[in-house]
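# Structural overview
Chain residues, written in single-letter form:
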Amino acid sequence: MIFGAILAGGVGSRMNISDMPKQFLPLGDKPIIIHTLEKFLLCERIDEIYIGVHPNWLVHMEDLIQKYVKIRKEQIHIVAGGGDRNTTIMNLVDQMEKDFGSSEEHYIITHDSVRPFVTARIINDNIDTVLKYKACDTVVAATDTIVTSKDGNVITEIPNRQWMYQGQTPQSFQINLLKKWYYDLTEEEKAILTDACKIGVVRNAEVRLVRGEVSNLKITTVTDYKVAQAMVGGNLID
């Protein structure tokens, strides 16, 4: 089976425009997370969709689904998220296996709830790649020169841009492989993880690249939110 996994466990907002987590803010005529969910619902190759939500916002998420979702409601599952991104993913995996058992043929397509412009092509490319290679990450080539600085004041290194990519989501995995990677990690290794694909990197495993799109932006800042509103023709914020 192929499972969609939408990660919506955050509770804070760095945008300072609402006490509501940013995935629930309006984008055009509906919340950001509903735009994201709809992209997964429209992909018929995805069998079931799991959404990881902070326990305080589970009822709110259920209400949004009842209000906005018109298709495949029975294939949407809401699960309490964990304390960080990867714990939330593993909570979703645990629930998937409670519902459908464990299998070498189970795959998970994980995606940020605040990337509402993911395309059908990106989702399908993730599915094709993970079925063949068991692990993949969505990226776009870096267009700007990347500068590293260890102290925030002086340049440490300027790596060759042709080797640099910006990570996006989805990130997709064979579930049993992801579990093996994750539960083999030490607590110290878990503490340095920034996303799921880094689990594979820490394990020196092969993670394939899938071409993303610049438009597949993550809504993190007020500027991102303004750009997203313009993209859907919604009301701009001050």
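This text goes with the structure placed above it.
Every chain begins its residue count from 1, and numbering advances along the sequence as written. The model is predicted, so local features are restricted to residues of pLDDT at least 70 and side-chain atom pairs to those at 80 or more, both for listing and for counting; the totals for chains, interfaces and linings are taken over all residues. To obtain the side-chain values, all non-hydrogen atoms of the structure were included, while hydrogens and water were left out.

## A closer look at the nonpolar core
Think of a nonpolar core as a cluster: buried Ala, Val, Leu, Ile, Met, Phe, Trp, Tyr and Cys residues, connected wherever their side-chain atoms sit within 4.5 Å. Here's how the labels work: a residue is buried when its accessible area is under 20% of the maximum for its type, exposed when over 50%, partly exposed in between, all with a 1.4 Å probe on protein chains only. Counting residues in hydrophobic clusters, the biggest one holds 28 residues, and the most contacted among them are Ile-33, Leu-37, Phe-40, Ile-46, Ile-49, Ile-51 and Met-61. Secondary structure counts use DSSP, requiring at least four H or I residues in a row for a helix and at least two E residues in a row for a strand, with both numbered from the N terminus. Secondary-structure elements contributing two or more residues to this core are β1 (2-8), α1 (32-41), β4 (48-53), α2 (58-68), β6 (107-112) and α4 (120-133). No other element matches α1, which puts 5 residues into this core. Excluding residues that lie within four positions of it along the chain, Ile-49 makes contacts with Gly-4, Ile-6, Leu-37, Phe-40, Leu-41, Gln-75, Ile-76 and His-77. Any two residues having at least one pair of non-hydrogen atoms within 4.5 Å are treated as being in contact.

## Comments concerning the environment of Asn-86
In this structure, Asn-86 sits in helix α3 (residues 85-100). Residues Asn-86 and Asp-195, spaced 109 residues apart in sequence, show a C-alpha to C-alpha distance of 6.9 Å. Leave out the neighbours within four places in its chain, and Asn-86 touches Tyr-182, Leu-193, Asp-195, Ala-196 and Ile-199.

## Some thoughts on α3
Between its first and last C-alpha atoms α3 spans 23 Å; for 16 residues at 1.5 Å apiece the expected length is 22 Å, and the two agree. Of all the positions in α3, only Asn-86, Thr-88, Ile-89, Met-90, Leu-92, Val-93, Met-96 and Glu-97 are classed as buried. For α3, the secondary structure elements touched by its buried residues are β1, β4, β5 (76-80), β6, α5 (175-184) and α7 (197-202). Here a polar contact is recorded for every N or O atom pair within 3.5 Å, except that within protein the pair must consist of a potential hydrogen donor and a potential acceptor, and residues adjacent in sequence are included only if both atoms are side-chain atoms. The backbone nitrogen of Asn-86 lies 3.3 Å from a side-chain oxygen of the residue at the head of α3, namely Asp-84. Of the residues one or two after α3, Gly-101 is the one with positive phi, at around 80 degrees. The span expected for a helix works out to 1.5 Å for each residue beyond the first.

## Thoughts on the pattern of salt bridges
Salt-bridge detection follows one rule: a side-chain nitrogen of Lys or Arg within 4 Å of a carboxyl oxygen of Asp or Glu. Under the definition given, this model contains 12 salt bridges. We note a salt bridge from Lys-30 to Glu-38, for which the minimum N-O separation is 2.9 Å. Here Lys-190 ties to Glu-187 by a salt bridge, and the two come within 3.6 Å at their closest N and O atoms. Of this pair, Lys-190 and Glu-187 both sit in helix α6 (residues 187-191), 3 residues apart, which is roughly one turn of the helix. Note on Glu-187: relative accessible area 56%, which makes it exposed. A single network of salt bridges, built from pairs that share partners, joins Arg-121, Asp-125, Arg-211 and Glu-213.

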